[in-house]
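Read off the chains here:
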Amino acid sequence: MAEPAIKRSDESNKIVDEGIDKGIARLTPKKIEQVINKVLAAETGARLKTYVGTCVHCGLCSEACHYYLSHDNDPKFSPAGKVKQTIWEILKKKGKVDQKFIRDASRIAYTECNLCRRCAMYCPFGIDIAYLISIVRRLCHMLGVTPLYQQDTAHSHSATLNQMWVKEDEWTDSLFWQEEEAQDEIPDLRIPVEKEGAEIFYSVIAPEPKFRAQLIYQAAVIMNVAGVDFTMPATPGWDNSDLCMFTGDYEVMGRLKKAHFETAMRLKVKRIVMGECGHAFRSVYDVGNRWLAWKMPPIPVTHAVEFYYELLKEGRIKIAEKYDKPVTFQDPCNIVRGRGLHDKARYVVDALCEEFIEMHPNREHNYCCCAGGGVINAGPPYKMKRIEGNKIKAEQLFAAKTRGAKVVIAPCHNCHGGLEDIIHHFGLDMELHFLGDIIYKIMEKPV
Amino acid sequence: MHDIYNFVSGPLVWVSFIIFFGGSLYRLISMAVLAKKKDVIVYEYMSLKYGLRSILHWITPFGTVKWRKNPILTIVTFTFHICLIFIPIFLSAHIILWKESWDISWWYISDTTADVLAVVVIASCVFFLIRRIVLPEVKYLTSVSDYIILAIVAAPFITGFWTYHQWPGFKIMGIIHILSGEIMLAAIPCTRLIHMVFFPFTRGYMGSEFGAVRHAKDW
Amino acid sequence: MGKRTLIIYMVITLLVCIFAVMSGYSQEDVTTVEDSAFEEKMRPTVQFLHDEHNEAAEIEEECNVCHHVYEEGKKVEDESSEETECSECHTLNKGDNPLSLVKVYHLQCKGCHQKKKAGPIMCSECHPR
Ligand code: HEM
Ligand code: HEM
Ligand code: SF4
Ligand code: SF4
Ligand code: SF4
């Protein structure tokens with residue numbers, strides 16, 4: 001195969017990713033052409049055509065993208081630049097592209113775009129680059145060329161309906177375990193499992209029971225102190241995360257969201273409240289429901305940020321003493337550009353913290369953390385690339401730090417993972433917390 | 001000369017207007033039909049209120065963060081586009097031709113004004129050309145077609161100006177002017193110049209998604 | 001510049017190829033086409049050498065090819081209107097859009113040139129700098 005040549009020609013192709021490499025090895029140009037044309041014919045239409053036909057090649061979207069900015073304005077990383085290297089070429093050649101092309105396309109689509117949609121606010125036409133890149137991902141998925149680690153999460157989703165291969169008994173064990181732990185602090189605390197008719201189904205992403213069980217603990221404390229009537233299911237469907245949305249495996253995405261919504265229905269809850277996760281919110285609120293032909297989610301969905309806002313506003317949790325370290329706030333794309341929660345988030349931060357220092361740009365215009373869109377899930381092979389792809393975020397954080405911020409609040413799991421690496425790599429020496437961490441720490445608790 | 005003139009100022013005008021209006025209408029309808037078939041989502045989420053909200057911001061100079069961040073480009077692109085549409089419609093020479101053939105007429109600008117505005121358009125085209133050659137992010141996206149499109153748009157202004165000032169060869173230039181105007185009109189539905197027709201829809205859709213579903217601004 | 005001024009300025013502009021020339025000066029050498037209804041000129045006055053034109057057009061004997069008279073929508077064959085300014089019939093009331101008069105002149109000159117495939121047709125051929 002022509003692989004050595006590829007490796008020499010493109011630096012980032014030095015990254016060895018078995019998922020992609022083995023997938024490529026199985027392909028032939030004929031198969032590529034067939035799959036591409038089949039998918040394009042079946043699944044794309046007016047949007048693809050209009051976006052591609054309308055783009056005037058003006059490059060105005062470039063400065064929207066943190067990859068572009070972080071790579072010293074390298075046009076290959078501009079939003080339209082990435083579309084040029086993928087979709088334009090595919091359409092021009094009518095799907096007659098070779099293995100190397102698919103390899104590059106897969107690299108670009110999965111690891112050089114977070115689908116953060118910032119560029120849609122910079123293109124005068126509102127061309128949805130994230131949608132176009134999703135099409136490339138869909139094609140790569142159908143061709144079986146996906147990053148190994150990401151595909152592993154997709155497999156887990158498919159087999160277990162959660163992202164981290166958490167077995168059913170491990171899940172309930174984690175809940176009971178966290179309940180017990182928390183009872184040391186609040187003796188009558190409960191994590192009501194399978195409580196039919198509860199008001200709220202509290203859903204989380206699988207990394208919580210797997211690695212960050214203290215988040216379940218904290219949420220339980222907050223819920224109990226606020227007197228919230230909530231429940232968590234014992235069955236699959238408890239996980240709201242969705243990496244299939246990002247690999248392009250929409251069939252499994254549909255299964256996941258169906259299980260999630262059906263669990264909520266089965267428990268007869270009034271709404272789903274989800275933990276501090278951006279991509280999961282996107283999946284439940286914006287993407288997965290659409291695949292299932294629900295214009296809006298069949299049952300109301302509330303992100304943690306909004307939920308905390310309610311609790312604080314209604315005085316259901318009280319703050320014992322405000323958090324005294326100066327904080328800055330990462331606006332996660334998926335709940336800010338994705339749900340406009342920036343003002344509520346600021347209300348929450350102001351209610352919790354003594355000093356809040358804005359990052360710039362902020363709100364809808366905030367830079368993505370570069371972990372979202374499944375990029376962090378593409379795993380260790382791409383870690384450095386991901387971190388270097390967001391130098392601009394490091395600069396943004398550093399600027400906030402010079403104005404006094406010591407703590408970064410990021411109410412999103414991906415942001416958390418992304419920012420952690422950035423803070424570490426660039427030696428920023430800032431603390432990183434979820435809102436829940438801080439609420440738990442400073443709220444009034446029964447003694 | 002007379003034969004050519006009669007041809008370009010007669011049947012070819014018809015042809016170009018039919019291609020322009022018919023073609024644009026065709027592109028619009030085929031987009032709508034295709035969307036109905038394959039992207040019903042667009043109909044579901046399109047919202048008049050939020051679509052217009054976004055469009056209004058984007059057609060206002062400095063009405064968006066993007067426009068504010070690039071003041072020079074903003075000024076150039078707005079004057080360019082406004083003049084581009086304004087001049088041919090309100091040019092006295094054009095209106096007289098309408099009057100002669102259809103006995104219709106409307107308000108027009110003085111030739112001096114038109115002259116100045118034509119220069120503005122030509123200068124803007126030069127700006128776009130330089131930008132395309134000099135800025136790496138634009139250059140990267142550029143193909144030959146982009147230069148051709150720019151030339152198609154600049155041509156009626158250059159040739160019109162030439163003819164008006166009766167520079168050498170103005171008679172031929174007049175004919176070329178008419179031809180180039182017709183080419184530009186016909187090119188609109190056939191090239192990326194269709195952006196003029198699609199702008200309200202792409203922007204309106206993004207505005208609807210951002211406004212109605214995501215409760216966020218997209219400007 | 002006021003709108004009205006503009007309008008008038010431009011109208012004059014358009015005295016393109018005037019056959020339909022007027023007035024009682026036909027005995028003298030006519031070298032331009034003018035109409036008093038165009039108060040201000042937008043484009044330069046049209047140069048028109050009456051006798052040379054008619055010689056070239058071979059209409060020396062047929063004044064009413066241009067200096068026509070219409071009655072009830074029909075051209076009266078054996079009458080002509082050399083003494084009359086076009087705008088006397090093709091009236092231009094105050095506030096009227098002078099384009100209607102421009103149009104009449106244009107169609108008279110340019111229209112005939114287009115048909116006969118002879119004579120000037122581009123703006124600047126008649127309105128030179
Ligand atoms: C469709 C057929 C068209 C015809 C028959 C036509 C005809 C004319 C004529 C007769 C003139 C006057 C030239 C002179 O003064 O000697 C003119 C000038 C001009 N036309 Fe057109 N035109 C057409 C299309 C266009 C288009 C599409 C544009 C621009 C988008 C355009 C822009 C201009 C400009 C800028 C001038 C000169 C203005 C100046 O410098 O004063 N024309 N045109
Ligand atoms: C009224 C509807 C229109 C809208 C909203 C619109 C919008 C835009 C925008 C946002 C751009 C990109 C920014 C820039 O590079 O300046 C653009 C570029 C351009 N437009 Fe339009 N446009 C419209 C009509 C037209 C028309 C009628 C033409 C000519 C027939 C035209 C010709 C161009 C050209 C040539 C460029 C590219 C400049 C370059 O090469 O970078 N536009 N337009
Ligand atoms: S990462 Fe964000 S800004 Fe960059 S191209 Fe993708 S969606 Fe656009
Ligand atoms: S996507 Fe939009 S901003 Fe980017 S090059 Fe195309 S038209 Fe310009
Ligand atoms: S991880 Fe956070 S910032 Fe990044 S894409 Fe998600 S929501 Fe956006």
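Given the structure is predicted, the values throughout are model-derived calculations rather than measurements.

Focus on the coordination of the iron atom of ligand 2
Perfect tetrahedral coordination of a metal by four donors corresponds to 109.5 degrees between them, and perfect octahedral coordination by six donors corresponds to 90 or 180 degrees. All names here are of chain B. Protein coordination at the iron atom of ligand 2 comes from H81 (NE2) and H195 (NE2), with a distance range of 2.0 Å. The coordination sphere of the iron atom of ligand 2 comprises six donor atoms, whose angles at the metal cover 85 to 179°; the geometry is octahedral. On the criterion of sequence distance, the pair formed by H81 in helix α6 (residues 71–90) and H195 in helix α12 (residues 195–213) is long-range, its members being 114 residues apart. Exposure remark for H195: the relative accessible area of 15% places this residue in the buried category.

Some details on the site of ligand 2
Residues and elements named next belong to chain B. Ligand 2 sits among 20 residues. The nearest are T77, H81, L84, H195 and M196. For ligand 2, an oxygen atom lies 3.1 Å from a polar atom in the side chain of R132. With five residues, α6 is the largest single contributor of residues to the shell around ligand 2. Residue composition of the shell around ligand 2, by class: 16 nonpolar, three polar and one charged.

Observations regarding the site of ligand 4
As a matter of local geometry, ligand 4 sits amid 14 residues, with C55, C58, G59, C61 and C123 of chain A nearest to it. Taken together, the residues near ligand 4 originate from chains A and B. Residues belonging to the shell around ligand 4 are distributed by class as follows: 12 nonpolar, two polar and no charged.

Observations concerning the nonpolar core
Residues I102, L352 and I409 of chain A are the most contacted members of the largest nonpolar core, which totals 145 residues. With 10 residues, helix α8 (residues 129–143) of chain A is the single largest residue contributor to this core. Once residues lying within four places of it in the same chain are set aside, the contact partners of L352 of chain A are L312, I319, K322, Y323, L435, I438, I439 and I442 of chain A. Judged by nonpolar contacts, the second largest core, of 26 residues, contains L150, A187, I188 and L193 of chain B.

Section: helix α15 (residues 278–291) of chain A
Each full turn of the α-helix corresponds to 3.6 residues, which orients residues three or four apart in the same direction. Residue and element names in this part refer to chain A. Taking 1.5 Å per residue, 14 residues should reach 20 Å; α15 reaches 19 Å between its end C-alpha atoms and fits that length. Of all the bends in α15, the largest measures some 45° and sits at V284. Within α15, 12 of the 14 residues are buried, leaving the element largely enclosed by the surrounding structure. Just downstream of α15, A293 is the residue with a positive phi angle, here 70°.

Some remarks on the pairing of strand β1 (residues 200–203) of chain A
Residues and elements named next belong to chain A. Of the two faces of β1, the one carrying I200 and Y202 and the one carrying F201 and S203 are both buried. Bridge count between β1 and strand β2 (residues 230–231): two bridges; the pairing is parallel. Bridge pairing in β2 places F201 opposite T231. The pairing of β1 with strand β3 (residues 271–274) spans four bridges and is classified as parallel. The residue of β3 that forms the bridge with F201 is I272.

Thoughts on the side chain of H279 of chain A
Residues and elements named next belong to chain A. Along the polypeptide, H279 turns up in helix α15. Residue H279 is classed as buried on the basis of its relative accessible area, which comes to 3%. Within the structure, the side chain of H279 is placed 3.0 Å from the backbone nitrogen of D242, a separation counted as a polar contact. Setting aside chain neighbours within four positions, we find H279 in contact with Q163, S241, D242, L243, M245, F246, N334 and N414.

Some thoughts on the coordination of the iron atom of ligand 1
Residue and element names in this part refer to chain B. Summarising the metal site, the iron atom of ligand 1 is bound by the protein donors H94 (NE2) and H177 (NE2), whose distances to it range over 1.9 to 2.0 Å. Each of the six donor atoms around the iron atom of ligand 1 contributes to a set of angles spanning 85 to 179°, which defines the coordination as octahedral. In this pair, H94 sits in helix α7 (residues 92–102) while H177 sits in helix α11 (residues 170–190), placing the two residues 83 residues apart along the sequence. On the basis of relative accessible area, H94 is assigned to the partly exposed category, the value being 22%.

Notes on the pattern of salt bridges
A full pass over the atoms with the stated rule returns 49 salt bridges over all chains. Note that R107 of chain A is salt-bridged to D104 of chain A, the shortest N-O span being 3.2 Å. On the criterion of helical spacing, the pair formed by R107 of chain A and D104 of chain A is a turn pair, its members being three residues apart in helix α7 (residues 99–111). Grouping residues by exposure puts R107 of chain A and D104 of chain A together as buried. The shortest N-O distance in the salt bridge between D218 of chain B and R203 of chain B comes to 2.8 Å. Within this pair, whereas D218 of chain B is found in the segment after α12, its partner R203 of chain B is found in helix α12, the two being separated by 15 residues in sequence. There is no split in this pair, since D218 of chain B and R203 of chain B are both buried. Among the charged side chains, a salt-bridge network with shared partners connects K100, D104, R107, E112 and K385 of chain A.

What to know about the domain arrangement of chain A
Many descriptions give the size of an interface as the accessible area lost when the pieces come together. All names here are of chain A. Under the domain assignment used here, chain A contains domain 1 (18–146), domain 2 (161–312) and domain 3 (319–442). Using C-alpha coordinates to define each centre, domain 2 is positioned 22 Å away from domain 3. Each partner contributes to the roughly 2500 Å² buried at the junction of domain 2 and domain 3, and carbon and sulfur atoms together form 66% of this total. Seen at the junction of domain 2 and domain 3, the total is three salt bridges. Connecting domain 2 to domain 3 are 10 residue pairs in polar contact (both at pLDDT 80 or more). The set of elements that each furnish at least two residues to the side of domain 2 that touches domain 3 consists of α12 (213–226), α15 and α16 (304–313). Taken together, the residues that form the side of domain 2 that touches domain 3 break down as 14 nonpolar, five polar and six charged.

Reading the values: rules and limits
Residues numbered from 1 in each chain as written. Chains lettered and ligands numbered in written order. Predicted model: local features only at pLDDT ≥ 70, side-chain atom pairs only at ≥ 80, totals over all residues. Heavy atoms only, no water. Donors = N, O, S within 2.8 Å, 3.2 Å for Na, K, Ca; no water. Tetrahedral: all angles 85-135°; square planar, octahedral: opposite > 155°, others 65-115°. Helix = DSSP H or I, 4+ residues; strand = E, 2+ residues; numbered from the N terminus. Buried < 20%, exposed > 50% of the residue type's maximum accessible area, 1.4 Å probe, protein only. Near = heavy atom within 4 Å. Polar contact = N/O pair within 3.5 Å; in protein donor to acceptor, adjacent residues only side chain to side chain. Nonpolar A, V, L, I, M, F, W, Y, C, P; charged D, E, K, R; others polar. Core = buried A, V, L, I, M, F, W, Y, C linked by side-chain atoms within 4.5 Å. Contact = heavy atoms within 4.5 Å. Expected span 1.5 Å × (residues − 1). Bend = angle between axes of the 7 residues up to and from the residue. Pairing = 2+ DSSP bridges. Salt bridge = Lys/Arg side-chain N within 4 Å of Asp/Glu carboxyl O. Domains from an automatic or database assignment. Buried area = accessible area lost by both parts, 1.4 Å probe.

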